[in-house]
Amino acid sequence: MRKYLLAGCASVAVMSGAAFAQEPTIPDHNPTVIADAKATNGPGLASPWAYSGKQGIGSAYEAYKDYQFSDTATTGTVSKVWFSLAEGVVTETMYGRIHEAQIRELQIAVTGAGWTAFERTDTTSHVEYIHTDADGRPLSPAYRLTNTDKQGRFVIIKDVFTDPDHQTLMVRVTVKALKGPVTPYVILDPSMANTSGDDEGHANVTHLQAWQGNVALNLSASVPFKKATVGYTGVSDGIKALTASQSLGTLHSSANAKGNIVLVGQLPTVTRESTVDLAVGFGGTTQAASAESAATLKTGYGKVLANYNGEGAAVGWEDYLASLSELKSLVPVSEDNGKLLYASALALKVQEDHTAAGALIASLSNPWGDTVITDVSATGYKGVWPRDFYQVSMALAALGDKETPVAAFRFLPTIQVKPDTPGNTGATGWFLQKAHVDGTPEWVGVQLDQTAMPILLGDRLEQLGLISQAELLSSYKTMLKPAADFLSHGGTVGLDWNHATITPPYSQQERWEEQEGHSPSTTAAVIAGLVAASDIATQAGDADSAKLYVAKADDYSGKLEQRLFTTTGKVRGDDKPASYFLRISRSEDANTPGTQDERNGRTGLRSDLMIDAGFLELVRYGVRPADDKDITASLAVIDDQTLPENLRVRYDFHFPGTDVTVPGFRRYGNDGYGEGTDGGNYGSMSPDQRGRVWPIFTGERGHYELALDGLKSGGVTDADIAAIRGTYIKGMELFANEGLMIPEQVYDGVGSKTAHDYTVGEGTDSATPLAWSHAEYIKLLRSVRDRQVWDRNPVAYARYSNKVKD
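Residues numbered from 1 in each chain as written. Predicted model: local features only at pLDDT ≥ 70, side-chain atom pairs only at ≥ 80, totals over all residues. Heavy atoms only, no water.

Engineer: Please give an account of the overall build of the chain that cites residues and values.
Structural biologist: The number of helices and strands found in the chain is 20 helices and 29 strands. Its C-alpha radius of gyration of 26 Å places the chain within 12% of the 28 Å reference for a compact globule of 806 residues. Going through the 806 residues of the chain one by one, you find that 66% of them count as buried. Carbon and sulfur atoms form 51% of the exposed surface of the chain, whose accessible area is close to 25200 Å². (Helix = DSSP H or I, 4+ residues; strand = E, 2+ residues; numbered from the N terminus. Rg over C-alpha atoms; globule rule 2.2 N^0.38 Å. Buried < 20%, exposed > 50% of the residue type's maximum accessible area, 1.4 Å probe, protein only. Areas by Shrake-Rupley, 256 points an atom, 1.4 Å probe, with all protein chains shown as cover.)

So this is what it looks like as structure tokens:
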């Protein structure tokens, strides 16, 4: 999806080409424009973030009032706490804004006669949803983790959710001793203000506290700790002593020098079974955080969980699911009786900020987090990309969510570049590459599809009756027309490092944020966006603009094959020329497309050697028919599994317990955005890095097959539907993990299984869940139910899809 910046990344040159003014060298092709100072670890050692393969994510459901979050809405006080789970423990937990992690990790250690074990490394973890319907479909993102000691000495059961009425994470911990008494310890590793360092702390038998600046946390338990300590990571945190001697050693009540700290509380010894409730409260001060913890413990586990779920009179997650008018009708289309569907609906709504309504992020994770040092505040994937944002908004609309897509559309002006955007001296109308949920620019590359998609979203919401024509036409004047003008004329950008001159449809970056040039997927969105803009302009009485936009769309469409369909491609070898759509072309002639830049440790190759299936977006948006001869010729190349390993895109998967063959696809040949084939994690920028298979593309192919079936004389048949369900829908369900989270990438069997010992088809350390993956699954269900591609733009389809090329 994107290039995530890691500490110590190798430098690469900025993009330059015929459509760009010459630029100076910059540190990376996606440099952040936010320069936060490094936090100090003090006496402590540096810490990375947690493993990115999340078993679950959660937050309270918060209802809108007039499409905004409000303490006076039906859900009451707005809770601004999010949590994630990985490897059996609580990982990044956010408070305030959705990207502001305050906890790196919260786990339990257990000691016995001469031994010490830690949950994350010494147990086998199983995850399930606490609250489900009779058919096992999750009704809230509340989870039960069952962690069994690998040597059979104990079991830890943890129920994890948040208090919807307070700023609190609640964890019920049950410890079962199986082979003699055991003593559990709570280990809290804070990351106040979204960094590992600069924290201070205090520990006693009733409170474990940490703070930095104007944010603090407090962990209190339903029983007092027997002992408590706070120290600096790897130096005085008590973990070494606990490991060596089954005790905390010297106790420290405070850590007053800023640094990377860890808090530990010893719970009472367990002879058979014991249950303790933990409440981690957050606030502006330790006193405020302590009050939040106390309020949650006073309310009690049962009531807090019921309120979170929305049981009885409480408004919660059950109410959100009940508001989705199309949800139940999509269950029969699934292959797992709706389990992943319900989990996906929950996951998409969880990944919304609770201050800025409609601010939808890409993932509640930090990609390859367990090798990313946390000394500088970074959002990871917890930011807004207009492309991912569009996918999620359209998926929520497909579910029948009548409010979130509207709030999302109304959020979009926050991330559009305008004359008053701080620091802007150049062209306006385009949308930021990546932004914080408050609109703060983070990455400022220009990706033309991200400027087209807000137009497509507004057009579709009006067609669905979710916004009025009056609102659409009002947004045309202030937001959509500037976007369409930029897609028509381009301009010279003037924001931070970026001063490139953009000449559409040649994009500074394509949808993978790595290369400049003409791109089928980008061009598809731009053409559809301009045709939609023309239709809106007509409704607005802006005849001149309507004429301009459709003329530009026609021009881009008319030159599409000339620029992007090669007839001399050498991906199968110099002696086997083939015809197919390119991933990127940097010229007006697809037979001389130029060479792509080095990215992610991979040397740049001739553009005809680096193929992808992005041309299927031409079908999705209605710009080309599914049976277009160039589309079908290109599919034959994409499906060729005899291509050299580095250039190959398609991999077929087989899973235990099923005879289904699941087609999987990499982003493109020569992709380096992934773990190394030598077992190393992403970030070394070495040639061993390899981008793996993305479940998104199984969904994209399913959409294509549906579109192709629809062109038959009798239209889509029941047999066609059964085939798509049995291969593509089933395939996406099989890619999901036990917690029903769909990854960004899955292991394809090439090279080392890494330290995580991946099985083929298992999610990697890139990012799980990916909101786009869940969105693609939902949209595929809706498309199959409707027997028509959900994202298809009807005006573009009518204008281009039935044209016969020479």
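Engineer: Account for unusual backbone geometry, naming residues and giving values.
Structural biologist: Note the cis peptide between Pro 504 and Pro 505, where omega equals 5°. Among the secondary structure elements, Pro 505 is positioned in the loop between strand E24 (501-502) and helix H12 (520-539). Here Thr 768 and Pro 769 are connected by a cis peptide whose omega angle stands at 0°. Its place among the elements puts Pro 769 in the loop between helix H18 (718-735) and helix H19 (771-786). Look at Asp 66: it is not a glycine, yet its phi comes out positive at around 55°. Along the chain, the position of Asp 66 falls in the loop between strand E2 (64-65) and strand E3 (68-69). Its identity as a non-glycine residue notwithstanding, Trp 368 has a phi of 50°, on the positive side. For Trp 368, a relative accessible area of 0% corresponds to the buried category.

Engineer: Give a detailed account of the packing of aromatic side chains, specifying residues and quantitative values.
Structural biologist: Inspection of every chain in the model, using the stated rule, returns 26 aromatic pairs. Judged by centre distance (5.2 Å) and plane angle (75°), the rings of Phe 565 and Phe 581 are edge-to-face. One end of the pair, Phe 565, is in strand E25 (residues 565-569); the other, Phe 581, is in strand E26 (residues 578-581), and 16 residues separate them in sequence. Assigned by exposure class, Phe 565 and Phe 581 land together as buried. Here the aromatic rings of Tyr 673 and Tyr 682 are separated by 4.9 Å at their centres, their planes lie at 80°, and the arrangement is edge-to-face. A relative accessible area of 0% places Tyr 673 in the buried class. For Tyr 682, a relative accessible area of 2% corresponds to the buried category. Ring pairing ties together the aromatic residues Trp 512, Trp 694, Phe 697 and Trp 772, which thus form one cluster. Sitting over the face of the ring of Tyr 797, Arg 792 holds its NZ or CZ atom 3.9 Å from the ring centroid. (Phe/Tyr/Trp six-rings, centres within 6.5 Å; stacked < 30°, edge-to-face > 60°. Lys NZ or Arg CZ within 6 Å of the ring centre and 35° of its normal.)

Engineer: Tell me what's going on with H12, and back it up with residues and numbers.
Structural biologist: Its 20 residues place the ends of H12 29 Å apart at the C-alpha level, agreeing with the 28 Å of an ideal helix rising 1.5 Å per residue. The element H12 is extensively covered by neighbouring structure, given that 17 of its 20 residues are classed as buried. One or two steps after H12, the chain reaches Gly 541, where phi turns positive at roughly 80°. (Expected span 1.5 Å × (residues − 1).)

Engineer: Outline the nonpolar core, listing residues and values.
Structural biologist: Membership of the largest hydrophobic core comes to 217 residues, with the highest contact counts inside it found for Leu 106 and Leu 341. With 11 residues, H12 is the largest single contributor of residues to this core. Setting aside residues up to four positions removed in sequence, Leu 106 forms contacts with Val 89, Val 90, Lys 158, Leu 169, Val 171, Val 186, Ile 187, Leu 188, Leu 219 and Val 280. (Core = buried A, V, L, I, M, F, W, Y, C linked by side-chain atoms within 4.5 Å. Contact = heavy atoms within 4.5 Å.)

Engineer: Can you explain the sheet that holds strand E29 (residues 693-694)? Please cite residues and give values.
Structural biologist: Here three strands make up an open sheet; going across it, the order is E27-E28-E29 and the pairing antiparallel. Bordering the open sheet on either side are strand E27 (650-653) and E29, each of which pairs with just one other strand. As paired elements, E27 and strand E28 (residues 662-666) share four bridges and run antiparallel to each other. Residue pairing in the sheet places Tyr 651 in a bridge with Gly 664 of E28. Most of the contacts of H18 go to E28, to which it runs at about 70°, and overall it touches E27 and E28. (Pairing = 2+ DSSP bridges. Axes fitted to C-alpha atoms, helices over the stretch in contact; angles between N-to-C directions.)

Engineer: Give a detailed account of helix H13 (residues 543-558), specifying residues and quantitative values.
Structural biologist: Taking 1.5 Å per residue, 16 residues should reach 22 Å; H13 reaches 22 Å between its end C-alpha atoms and fits that length. Buried within H13 we find Ser 545, Ala 546, Tyr 549, Val 550, Ala 553, Tyr 556 and Ser 557. For H13, the buried positions fall inside an angular range of 125° around the axis, keeping them on one side. Of the exposed residues in H13, those oriented more than 90 degrees away from the buried face are Ala 543, Asp 544, Lys 547 and Gly 558. Where the residues of H13 are buried, they touch helix H11 (469-489), H12, helix H14 (560-564) and helix H20 (794-800). (Arc of directions from axis to C-beta.)

Engineer: Give a detailed account of the pattern of salt bridges, specifying residues and quantitative values.
Structural biologist: Scanning all chains against the criterion turns up 51 salt bridges. Close ionic contact of Lys 158 with Glu 119 constitutes a salt bridge, the shortest N to O distance being 2.9 Å. Separated by 39 residues along the polypeptide, Lys 158 in strand E11 (residues 154-163) and Glu 119 in helix H1 (residues 119-122) bring together distant segments of the chain. Of the two residues examined, Lys 158 and Glu 119, each falls in the buried class. We note a salt bridge from Asp 639 to Arg 650, for which the minimum N-O separation is 3.1 Å. (Salt bridge = Lys/Arg side-chain N within 4 Å of Asp/Glu carboxyl O.)

Engineer: Summarise the packing of helix H8 (residues 386-399) against H19; cite the residues concerned and give the values.
Structural biologist: Two elements in contact, H8 and H19, have axes whose closest approach is 8 Å; the angle formed by their N-to-C orientations is 40°. In this structure, H8 meets H19 at a crossing whose hand is left-handed. Residue-level contacts link Arg 387, Asp 388, Gln 391, Val 392, Met 394, Ala 395, Ala 397, Ala 398 and Leu 399 of H8 to Ala 771, Trp 772, Ala 775, Ile 778, Lys 779 and Arg 782 of H19. Here the contact of H8 with H19 is composed, by residue class, of 10 nonpolar, one polar and four charged. (Left-handed = near helix turned anticlockwise from the far one by under 90°. Nonpolar A, V, L, I, M, F, W, Y, C, P; charged D, E, K, R; others polar.)

Engineer: Got a sec to walk through the sheet that holds strand E10 (residues 143-149)? Specific residues and values, please.
Structural biologist: Read across the open sheet, the nine strands follow the order E9-E10-E11-E12-E20-E16-E15-E14-E18; overall the sheet is antiparallel. Every other strand in the sheet has two partners, leaving strand E9 (123-129) and strand E18 (254-259) as the edge strands with one partner each. Adjacent strand axes in the sheet meet at a mean angle of 15° when their direction is disregarded. In this structure, E11 lies alongside strand E12 (residues 168-177), joined through 10 bridges in antiparallel fashion. By the bridge assignment, Ile 157 is partnered in E12 with Thr 174.

Engineer: How would you summarise the environment of Asp 791 if you had to cite specific residues and measurements?
Structural biologist: By the element assignment, Asp 791 lies in the loop between H19 and H20. Remark: the alpha-carbon pair of Asp 791 and Leu 457, spanning 334 residues in sequence, is separated by 9.5 Å. In terms of polar contacts, Asp 791 uses its side chain to reach the side chain of Tyr 390, at 3.1 Å. (Polar contact = N/O pair within 3.5 Å; in protein donor to acceptor, adjacent residues only side chain to side chain.)

Engineer: Report on the environment of Gly 761, specifying residues and quantitative values.
Structural biologist: The residue Gly 761 is located in the loop between H18 and H19 in this model. Between the alpha carbons of Gly 761 and Trp 694 there is a distance of 9.9 Å; along the sequence they are 67 residues apart. Sequence-distant contacts of Gly 761, defined by excluding residues within four places in its chain, comprise Phe 653, Phe 655, Phe 735, Val 746 and Tyr 747.

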